Amino acid sequence: MFNDIGTFELVALIVLAVIVFGPDKLPKVIQDVTRTIRKIRDFSENAKQDIRQELGPEFKDFEFEDLNPKTFIRKQLDNDDLGLKEIRNGFDLKKEMAEVADAVHGRDTDPSPSSASGTADGRVDMTKRPGTPAADDRPPFDADAT
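How each quantity is defined
Residues numbered from 1 in each chain as written. Predicted model: local features only at pLDDT ≥ 70, side-chain atom pairs only at ≥ 80, totals over all residues. Heavy atoms only, no water. Helix = DSSP H or I, 4+ residues; strand = E, 2+ residues; numbered from the N terminus. Buried < 20%, exposed > 50% of the residue type's maximum accessible area, 1.4 Å probe, protein only. Areas by Shrake-Rupley, 256 points an atom, 1.4 Å probe, with all protein chains shown as cover. Salt bridge = Lys/Arg side-chain N within 4 Å of Asp/Glu carboxyl O. Expected span 1.5 Å × (residues − 1). Patch = residues over 30% accessible without salt bridge, like charges linked within 9 Å, V, L, I, M, F, W, Y side chains within 5 Å. pLDDT = per-residue confidence, 0-100. Contact = heavy atoms within 4.5 Å.

1. Concerning the overall build of the protein
So, step 1. Check the secondary structure of the protein and you find four helices and zero strands.
So, step 2. Shown N-terminal to C-terminal, the secondary structure of the protein runs as helices and strands in the order α-α-α-α.
So, step 3. With 146 residues in all, the protein has 8% of them scored as buried.
So, step 4. Surface accessibility of the protein: about 13400 Å² in total, with carbon and sulfur atoms responsible for 60%.

2. Some details on the pattern of salt bridges
So, step 1. Counted under the stated rule, the structure contains two salt bridges.
So, step 2. Two residues, Lys28 and Asp32, come together in a salt bridge whose shortest N-O distance is 3.7 Å. Here Lys28 pairs with Asp32, and both are found in helix H1 (residues 7-55), just four residues apart, close to one helical turn.
So, step 3. Using a relative accessible area of 54% as the deciding quantity, one classes Lys28 as exposed.
So, step 4. Exposure remark for Asp32: the relative accessible area of 29% places this residue in the partly exposed category.
So, step 5. With its nearest N and O atoms 3.1 Å apart, the salt bridge here joins Asp32 to Arg35. On the criterion of helical spacing, the pair formed by Asp32 and Arg35 is a turn pair, its members being three residues apart in helix H1.
So, step 6. Linked by salt bridges that have partners in common, Lys28, Asp32 and Arg35 make up one network.

3. A short note on helix H4 (residues 93-105)
So, step 1. Compared with the 18 Å implied by 1.5 Å per residue over 13 residues, the 18 Å span of H4 between its first and last C-alpha is a close match.
So, step 2. A positive phi of about 80° marks Gly106, the residue just after H4.

4. A look at a nonpolar patch on the surface
So, step 1. The grouping of Ile5, Leu10, Val11, Leu13, Ile14, Val15, Leu16, Val18, Ile19, Val20 and Phe21 at the surface amounts to a nonpolar patch, some 980 Å² of accessible area in total.
So, step 2. Relative to the elements of secondary structure, Val18 occurs in helix H1.
So, step 3. Owing to a relative accessible area of 33%, Val18 belongs among the partly exposed residues under this scheme.

5. Quick notes on the confidence of the model for the protein
So, step 1. For the protein, per-residue confidence averages 77 on the pLDDT scale, and 68% of positions sit at 70 or higher.
So, step 2. Per-element confidence in the protein is highest for H1, whose mean pLDDT is 91, and lowest for helix H3 (residues 84-90), whose mean pLDDT is 68.
So, step 3. Here residues 111-118 is a poorly scored stretch, pLDDT under 50, and it has 10 contacts once near neighbours within four places are set aside; other chains count.

6. Remarks on the environment of Glu65
So, step 1. Mapped onto the fold, Glu65 is located in the loop between H1 and helix H2 (69-78).
So, step 2. With sequence-adjacent residues up to four places away left out, Glu65 is seen in contact with Lys48 and Thr71.

Dropping the structure here:
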């Protein structure tokens, strides 16, 4: 519960408690605080048990920590029912990013001859540049844009 409190902070809290409550009332205050913490823990455990009983046997493995969004997403991504591991393993991000960068910079990544609609393996060639227009050719005109 107090894993991040150092020794200096603990000593300071004890000295502050002795000053505020006095040495004669401090044991009773400590007993009251520990009793209250114990009651709160018992209440929360009973509430968890009641919820598990009400949910039924199909939720016997239900943990309240799973309601944390990080835990829920991590648990769902590790689940192989969706086939996400195959998708994750089949996707090479570095290769895809290199292809996009080459397309943006106008470099030819696939020197093989390509068809009119794409490369030989069926992908669209994004590096194709249109031919330079002749001097008398007019640029395309979009009547809806004006």
